[in-house]
Amino acid sequence: MSVSRELVEYLTDTLSPLGDISARRMFSGYGIKCGEVNFALLLGSGAYLRVDDSNRATFEAEGSEPFRYMKKDKEVTVGTYWEIPGDVLDDPDRLLDWGRAALDAARRSWKPKKKRKSR
């Protein structure tokens, strides 16, 4: 299932107070960035935020789970992105708070891309 354009617009609009928010096509969905830092994913029918030790317990307490997908006959878990609970997704104020924590988590692990040397 593909990601709806309405969900992309809702997330980028709701998270816009965090800074320069943009959505970029990736894989079968979108990556949501603030400046150069990716901190949210929209894949299939799910919306996911970046997680680290500082905000993982919040996701766990809400019954959220990490992003998972099938690769051949094996399930792969991406522990750095967890699904946004439906009640958080439906509440713009809570979504903004969770988005801020996810952006902070993403910034802690972000490394700028190295520029390629010209030949």
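Summary of the structure given here. (Residues numbered from 1 in each chain as written. Predicted model: local features only at pLDDT ≥ 70, side-chain atom pairs only at ≥ 80, totals over all residues. Heavy atoms only, no water.)

**Here's the deal with the packing of aromatic side chains**
Applied cut-off: Here is the rule: rings of Phe, Tyr and Trp (six-membered ring for Trp) pair when centre to centre is within 6.5 Å. Planes less than 30 degrees apart are stacked, more than 60 are edge-to-face, and the remainder are tilted. The helix and strand labels rest on DSSP assignments: H or I over at least four residues marks a helix, E over at least two residues marks a strand, and numbering proceeds from the N terminus. We call a residue buried when its accessible area falls under 20% of the maximum for its residue type, exposed when it is over 50%, and partly exposed in between, using a 1.4 Å probe and counting protein chains only. A ring has a charge above it when a Lys NZ or an Arg CZ is no more than 6 Å from the ring centre and no more than 35 degrees off the ring normal.
Inspection of the entire model under this criterion finds four aromatic pairs. Between Phe 59 and Trp 98, the ring centres sit 4.6 Å apart and the planes meet at 65 degrees, which makes this aromatic pair edge-to-face. In this pair, Phe 59 is assigned in helix H2 (residues 56-61) and Trp 98 in helix H4 (residues 92-109), connecting sequence segments 39 residues apart. For the pair Phe 59 and Trp 98, one class covers both residues: buried. In this structure an aromatic cluster arises from ring pairing among Tyr 48, Phe 67 and Tyr 69. In this structure, Arg 25 packs its charged tip against the face of Tyr 30, placed 4.8 Å from the ring centre.

**Observations regarding the pattern of salt bridges**
Put simply, the rule is: Basic side-chain nitrogens of Lys or Arg form a salt bridge, by our definition, when they fall within 4 Å of a carboxyl oxygen of Asp or Glu.
Across all of its chains, the model carries eight salt bridges by this definition. For the salt bridge of Glu 62 with Arg 94, the shortest nitrogen-to-oxygen distance reads 3.3 Å. One end of the pair, Glu 62, is in the loop between H2 and strand E5 (66-71); the other, Arg 94, is in helix H4, and 32 residues separate them in sequence. Taking the relative accessible area as the measure of exposure, Glu 62 reaches 35% and is therefore partly exposed. A salt bridge links Glu 75 to Arg 68; its shortest N-O distance comes to 3.6 Å. According to the relative accessible area criterion, Glu 75 is partly exposed, its value standing at 49%. Each of the salt bridges in this network shares a partner with another, and the network as a whole consists of Glu 62, Asp 87 and Arg 94.

**Notes on the packing of helix H1 (residues 5-15) against H4**
Let me state the cut-off plainly: Geometry is summarised by axes, namely lines fitted to C-alpha atoms with helices restricted to the contacting stretch, and by angles between N-to-C directions that run from 0 to 180 degrees. Here roughly perpendicular refers to angles of 65 to 115 degrees, roughly parallel to angles under 35, roughly antiparallel to angles over 145, and oblique to all remaining angles. Contact between two residues is taken to exist if any of their heavy atoms lie within 4.5 Å; hydrogens are not considered.
The interhelical angle for the contact between H1 and H4, taken along N-to-C directions, is 75 degrees, at an axis separation of 9 Å. Between H1 and H4, the angle falls in the class roughly perpendicular. Here H1 contributes Tyr 10, Leu 11, Thr 14 and Leu 15 to the contact with H4, which in turn contributes Pro 92, Leu 95, Leu 96 and Gly 99.

**Focus: the pairing of strand E3 (residues 37-43)**
To keep it simple, the criterion reads: Two strands are counted as paired when DSSP detects at least two bridges linking them.
Judged by how many residues are buried, E3 sits mostly within the fold: six of seven residues are covered. Sheet topology places strand E2 (residues 29-34) next to E3; five bridges connect them, and they run antiparallel. Residue pairing for E3: Ile 32 is matched across the bridge by Ala 40. Adjacent in sequence and paired antiparallel, E2 and E3 are bridged by two residues, among which Gly 35 carries a positive phi angle near 65 degrees. As judged from the four bridges shared by E3 and strand E4 (residues 46-50), these two strands associate in the antiparallel manner. Looking across to E4, one finds that Leu 41 is bridged to Tyr 48. If you look at the hairpin formed by E3 and E4, you'll find two residues sitting between the two strands, and Gly 44 has a positive phi there, around 60 degrees.

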